[in-house]
Amino acid sequence: KMVRDVKPGGVFLINCQWTPEELNEHMPANAKRYIAQNNIQLYTINAIDKAVEIGLGKRTNTILQSAFFALSGVLPKEDAINYMKDAATRSFSKKGEAIVKMNHDAIDAGYQQIHEVKIPAAWAKAKDSAMGMPKVKCDDKTLEKFVNEIQIPCNAQEGDKLPVSTFVDMADGTFPQ
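Notes on the structure in this doc start here. These numbers come from a predicted model, not from an experiment.

Looking now at the pairing of strand β1 (residues 11-15). Along any regular strand, the residues point their side chains to alternate faces of the sheet. Burial of β1 is one-sided: the residues Phe12 and Ile14 facing one way are buried, the residues Val11, Leu13 and Asn15 facing the other way are not. Looking at chain direction, β1 and strand β2 (residues 41-45) are connected through five bridges and run parallel. Note on β2: the bridge partner recorded for Phe12 is Leu42.

Here is the structure:
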């Protein structure tokens, strides 16, 4: 969904723990097609594991902010890094040198850990899949209708295409007939 907001020729950064092979396997076909057909520059970063390694736990924001500045060109990379490090020093110096160092390490990691993804030509013609959930046939027609008309579209991240009345009608536990 989010990749559709990237303008042709734009840059898209994904924070994920996937290898390039896993990215190819898990990325939806519609995202692959959009990226390939619109000449999107694709990058990944594993800020999740890097934050833990640095000692920041689940706090990835500093790593991702640094990656943003490295890719966006809003400021020269060196200026952005210096501004971020100066701000981190001012913000965290009362908490000790170790906290300042962790934040400086996170800033360095943000621009050092970015990986460019070479877009395979096959992505331009990627085929949609049912995202692992085939249509259902069963004796319980209410269940069958729910799975086929709500569950499968939601799993395919297309729940926003369903009329709101579908969900409102189900509030009482029944599926609209």
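A few words on the layout of surface pockets. A probe matching the size of a water molecule, rolled over the atoms, marks out where space remains unfilled. Reported here for the second largest pocket is a volume of approximately 260 Å³. Together, 18 residues line the second largest pocket, and Trp18, Thr19, Pro20, Thr44 and Val117 are the ones closest to its centre. Mapped by element, the contributors of at least two residues to the lining of the second largest pocket are α1 (20-26), β2 and β3 (115-117). When residues in the lining of the second largest pocket are grouped by element, the largest group, four residues, is from α1. Across the lining of the second largest pocket, the residue classes tally to eight nonpolar, seven polar and three charged.

Right, let's talk about the sheet that holds β2 for a bit. Taken in spatial order, the three strands of this open sheet run β1-β2-β3, and their pairing is mixed. The open sheet has two edge strands, β1 and β3, and neither has a second partner. Between one strand and the next, the sheet's axes are offset by a mean angle of 30°, whatever the strand orientation. Note: β2 against β3, three bridges, orientation antiparallel. Each bridged residue has a counterpart across the sheet, and for Tyr43 the counterpart in β3 is Glu116.

So, about the nonpolar core. Val3, Phe12, Ile14, Met27, Ile35 and Leu42 are the most contacted members of the largest nonpolar core, which totals 14 residues. Elements represented by at least two residues in this core include exactly β1 and α2 (29-37). The greatest single-element share of this core, amounting to three residues, is contributed by α2. Excluding its chain neighbours within four sequence positions, the residues that come into contact with Val3 are Phe12, Ala31, Tyr34 and Ile35. Tyr43, Ala47, Ala106 and Ile114 belong to the second largest nonpolar core, which has 12 residues in total.

Right, let's get into the packing of helix α4 (residues 61-72) against helix α6 (residues 97-112). α6 packs onto α4 with a crossing angle of 40° between their chain directions and a minimal axis gap of 7 Å. As summarised for this structure, α4 and α6 are arranged oblique, according to the angle between their axes. In terms of crossing hand, the pair formed by α4 and α6 is right-handed. Contacts between α4 and α6 involve Thr62, Ile63, Ser66, Ala67 and Ala70 on the former and, on the latter, Asn103, Ala106, Ile107, Ala109, Gly110 and Tyr111.

Time to look at the packing of aromatic side chains. Where two aromatic rings form a pair, the distance of their centres and the angle of their planes describe that pair. Under the definition given, this model contains one aromatic pair. Seen from their ring centres, Phe68 and Phe69 are 5.2 Å apart, and the 65° between their planes marks the pair as edge-to-face. Looking at Phe69, the relative accessible area reads 16%, which means it is buried.

Rules and cut-offs
- Residues numbered from 1 in each chain as written.
- Predicted model: local features only at pLDDT ≥ 70, side-chain atom pairs only at ≥ 80, totals over all residues.
- Heavy atoms only, no water.
- Buried < 20%, exposed > 50% of the residue type's maximum accessible area, 1.4 Å probe, protein only.
- Helix = DSSP H or I, 4+ residues; strand = E, 2+ residues; numbered from the N terminus.
- Pairing = 2+ DSSP bridges.
- 1 Å grid on protein atoms, 1.4 Å probe; cavity = no way out; pocket = protein on both sides within 12 Å on 5 of 7 lines; lining within 4 Å.
- Points joined across faces, edges and corners; volume = space filled by probe spheres on them.
- Nonpolar A, V, L, I, M, F, W, Y, C, P; charged D, E, K, R; others polar.
- Axes fitted to C-alpha atoms, helices over the stretch in contact; angles between N-to-C directions.
- Core = buried A, V, L, I, M, F, W, Y, C linked by side-chain atoms within 4.5 Å.
- Contact = heavy atoms within 4.5 Å.
- Parallel < 35°, antiparallel > 145°, perpendicular 65-115°, else oblique.
- Left-handed = near helix turned anticlockwise from the far one by under 90°.
- Phe/Tyr/Trp six-rings, centres within 6.5 Å; stacked < 30°, edge-to-face > 60°.

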